Amino acid sequence: MSASRRSGTTDELGPDGPGPEGQDGSGGSDLLAALLDGMDAALCAFDADGVVTHWNREAERILGWSSAEAVGRHGFAGWAVRPADAEEVEGRLMSAMQAPGRQVHEFALLTKDGGRVLVRTQSAAVRGPDGKPAGVYCAFSEVHTQIDLERSIALSEALFEDASWGVVLVDADLRPAVVNAHAARSLGVGRTSVLGRPLGELLAQGVEELESALTHVLAEGAPPAPAEIWVAVRTPDGERRRCWRCGFVRLASPLAEEPVPLGVGWLFNDVTEAKQAEQEASLLRFRTNQLHRAARAAAECEDPAEAAVVHLDFALAGFADHALIDRVAGDAVADGEETGPVRLVRVASTPSGAPGPSLLSGASGLSGLPVRYGEGHPALQCVDRVGSVRASVGSVPADRAREWAEARQWPSDVVHALCAVLRSRGRTLGVVTFLRGAGRGQFERSDAVYAEDVAVRIASALDLGGVVGRA
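The present account deals with the structure reproduced in this document.

Reading the values: the criteria
Residues numbered from 1 in each chain as written. Predicted model: local features only at pLDDT ≥ 70, side-chain atom pairs only at ≥ 80, totals over all residues. Heavy atoms only, no water. Helix = DSSP H or I, 4+ residues; strand = E, 2+ residues; numbered from the N terminus. Buried < 20%, exposed > 50% of the residue type's maximum accessible area, 1.4 Å probe, protein only. Contact = heavy atoms within 4.5 Å. Core = buried A, V, L, I, M, F, W, Y, C linked by side-chain atoms within 4.5 Å. Pairing = 2+ DSSP bridges. Axes fitted to C-alpha atoms, helices over the stretch in contact; angles between N-to-C directions. Expected span 1.5 Å × (residues − 1). Salt bridge = Lys/Arg side-chain N within 4 Å of Asp/Glu carboxyl O. Phe/Tyr/Trp six-rings, centres within 6.5 Å; stacked < 30°, edge-to-face > 60°. Disulfide = S-S within 2.5 Å. Polar contact = N/O pair within 3.5 Å; in protein donor to acceptor, adjacent residues only side chain to side chain.

## Here we look at the environment of Leu 267
Relative to the helices and strands, Leu 267 resides in strand S11 (residues 261-270). Residue class for Leu 267 comes out partly exposed when judged on its relative accessible area of 27%. Each C-alpha atom, one on Leu 267 and one on Arg 245, is 8.3 Å from the other, the two residues being 22 residues apart in sequence. Excluding its chain neighbours within four sequence positions, the residues that come into contact with Leu 267 are Trp 165, Gly 166, Val 167, Arg 245, Cys 246 and Gly 247.

## Examining the nonpolar core
Counting residues in hydrophobic clusters, the biggest one holds 32 residues, and the most contacted among them are Phe 319, Ile 325, Leu 422, Val 432, Phe 434, Ile 458 and Leu 462. Mapped by element, the contributors of at least two residues to this core are helix H9 (272-298), helix H10 (304-316), strand S12 (322-328), strand S14 (344-349), strand S17 (414-424), strand S18 (427-437) and helix H13 (445-470). Within the second largest apolar cluster, 28 residues are counted, among which are Leu 63, Trp 65, Leu 93 and Val 119.

## Digging into the pairing of S14
The buried fraction of S14 amounts to five of the six residues, a majority that puts the element mostly inside the structure. In this sheet, strand S15 (residues 359-360) lies alongside S14 in antiparallel orientation, the contact comprising two bridges. In the sheet register, Ala 348 faces S15, and the bridge partner there is Leu 360.

## As for the sheet that holds strand S4 (residues 116-127)
Taking strand neighbours across the sheet as the criterion, the five strands line up as S2-S1-S5-S4-S3 in an open arrangement whose pairing is antiparallel. Both outer strands of the open sheet, strand S2 (52-55) and strand S3 (103-110), are each paired with one neighbouring strand and no more. For this sheet, the mean angle separating the axes of adjacent strands, direction not counted, is 30°. Packed onto the sheet, helix H5 (residues 83-94) meets strand S1 (42-47), S3, S4 and strand S5 (133-142) and runs at close to 150° relative to S3.

## Focus: helix H6 (residues 143-159)
An ideal rise of 1.5 Å per residue puts 24 Å on 17 residues; H6 measures up with 24 Å between its terminal C-alpha atoms. Within the span of H6, buried status applies to Val 143, Gln 146 and Leu 159. For H6, the elements touching its buried residues are S3, S4, S5 and strand S6 (166-170).

## Comments concerning unusual backbone geometry
Positive phi, close to 55°, is recorded for Val 386, a residue that is not glycine. Mapped onto the secondary structure, Val 386 falls in the loop between helix H11 (378-385) and strand S16 (389-392). Val 386 gets classed as partly exposed once you look at its relative accessible area, which sits at 38%. Even without a glycine there, the phi angle at Arg 425 is positive, about 55°.

## Remarks on the pattern of salt bridges
Overall, the coordinates contain 18 salt bridges when judged by the stated rule. A salt bridge links Lys 275 to Glu 228, with the shortest nitrogen-to-oxygen separation between them at 3.0 Å. Placement of Lys 275 in helix H9 and of Glu 228 in strand S9 (residues 227-235) is noted, with a sequence separation of 47 residues between them. Notably, a salt bridge pairs Arg 287 with Asp 447, separated by 2.8 Å at the nearest N-O pair. Remark: Asp 447 occurs in helix H13 and Arg 287 occurs in helix H9; sequence separation between them is 160 residues. Classification of Arg 287 by relative accessible area gives buried; the value is 8%.

## As for the pairing of S9
Judged from the two bridges that link them, strand S8 (residues 203-205) and S9 form a sheet pairing that is antiparallel. Within S9, the position partnered with Gln 205 by the bridge is Ala 232. Relative to strand S10 (residues 238-252), S9 runs antiparallel, the two being bridged by nine bridges. By the bridge assignment for S10, Val 233 is matched with Arg 240. Connecting S9 to the antiparallel partner S10 that follows it, the hairpin turn spans two residues.

## Considerations on the packing of aromatic side chains
Throughout the structure, instances matching the rule amount to 13 aromatic pairs. Taken together, a centroid distance of 6.4 Å and an interplanar angle of 80° make the contact between Trp 55 and Phe 76 edge-to-face. A residue pair is termed long-range when its members are at least 10 positions apart, and Trp 55 in strand S2 and Phe 76 in the loop between helix H4 (67-70) and H5 qualify at 21 residues. Phe 76 shares its class with Trp 55; the two are buried. Aromatic pair Phe 319 and Tyr 450: ring centres 5.0 Å apart, planes at 75°, arrangement edge-to-face. Here the residue Phe 319 occupies a position in the loop between H10 and S12, and Tyr 450 occupies one in helix H13, the gap between them amounting to 131 residues. You'll find Phe 319 and Tyr 450 in the same group, each marked buried.

## Things to note about the state of the cysteines
Overall, the coordinates contain zero disulfides when judged by the stated rule. Of the cysteine sulfurs around Cys 138, a residue in no disulfide, the closest is that of Cys 44, at 4.4 Å. A disulfide-free cysteine, Cys 382 has its sulfur positioned 5.7 Å from the sulfur of Cys 419, the nearest such atom. Its relative accessible area of 0% is what places Cys 382 among the buried residues.

## Considerations on the side chain of Arg 120
Topologically, Arg 120 is positioned in strand S4. Judged by relative accessible area, which is 17%, Arg 120 ranks as buried. Here Glu 106 takes part through its side chain, which lies 2.5 Å from a polar atom of the side chain of Arg 120. With sequence-adjacent residues up to four places away left out, Arg 120 is seen in contact with Val 104, His 105, Glu 106, Ala 139, Phe 140, Ser 141, Val 143, Gln 146, Ile 147 and Glu 150.

Right, here's the structure in full:
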């Protein structure tokens with residue numbers, strides 16, 4: 001236990017007079033000793049003559065000298081510092097009596113076993129009842145410990161000011177408690193307005209997955225690797241879908257005897273563009289592979305019409321739910337040729353019920369009943385424009401969407417369509433139509449490019465079939 005002298009200038013540093021509620025000086029000194037021993041920093045005090053009057057347990061831990069061995073010594077000379085350094089160290093410490101505020105110094109002290117410890121000290125004057133300096137108190141800690149603390153503080157401040165990724169401290173109720181500038185921009189709100197709000201008010205999608213991760217970290221600790229979470233951020237301009245690569249750390253109080261979770265540190269970085277590029281590259285590789293496999297399989301077909309269906313079936317995988325091949329009735333339409341209204345005859349289609357390979361209708365296009373396409377139908381527009389046409393029902397009730405599909409002679413579950421023209425030898429042979437249900441997104445420009453690649457192969461097969469049939 002720390003010791004304190006009970007006479008002389010010690011009374012000025014820790015008075016022994018009556019305390020609150022009639023306590024005597026002994027109780028006041030015991031309280032002072034208990035407070036000093038409970039400090040995390042090492043602390044010692046000197047009277048005006050430089051005699052050690054107080055020495056707490058942390059000082060004993062760092063240097064190895066007990067309070068009984070330290071209190072009463074004059075300065076550090078001969079025991080806690082080298083003789084060559086004693087005068088300089090004592091001069092620095094005692095100069096605090098005449099200086100305003102705190103003085104910070106670094107110097108080496110000696111441990112009881114003869115080792116040396118570099119410490120950083122903060123010293124200040126202790127004044128007596130008359131206001132005159134009565135001594136000096138000195139708090140010190142090992143330099144590396146102080147540097148570690150300063151680094152931790154500096155890191156915390158840098159993360160919440162200058163970090164190029166989002167940093168959010170989430171409390172135990174899964175609500176943001178501290179947010180850095182980057183995270184606030186990513187969430188589309190101000191740094192203060194986000195505090196204390198449920199995550200569901202900030203994110204339209206991905207909330208369940210994110211809250212599940214935060215709950216897991218609170219209960220089990222940080223996951224072994226970052227997690228990629230797709231979210232939809234609510235903004236004044238609508239929802240923005242983003243992919244965040246997230247890391248989590250559990251925060252526990254360093255002051256509690258047992259770890260008490262204070263919340264979760266959530267760090268994230270927006271990797272949307274990289275993920276989209278990765279997905280597009282993967283999709284391109286898959287589609288290129290499908291085209292290659294389709295060409296290999298079609299080359300083994302004796303009937304060119306079967307080869308066209310093979311190309312259609314390979315193209316459907318991961319791309320569409322239904323597909324149709326319609327051929328121009330009569331003969332192919334050459335560019336610049338004057339013709340009447342174009343009529344299309346169904347050549348092949350996917351089954352409308354259970355999944356399966358596409359079926360040939362038996363019509364060659366040179367004969368057969370035309371499909372009852374109304375004026376302005378996307379397939380007819382495709383022939384007129386000699387280019388791809390995309391169509392979508394939009395946001396309408398299910399019964400309206402069903403009427404929209406059936407009016408265009410498509411299966412009733414269709415909500416998106418893509419028509420690509422069949423061209424070969426400078427002539428228009430017909431149209432291939434890809435159809436998607438409500439479970440898929442609408443066709444994009446990249447989808448149209450793929451559909452055009454497939455259409456070239458189908459058109460070549462159909463054109464070959466016509467040449468072989470006339471031979």
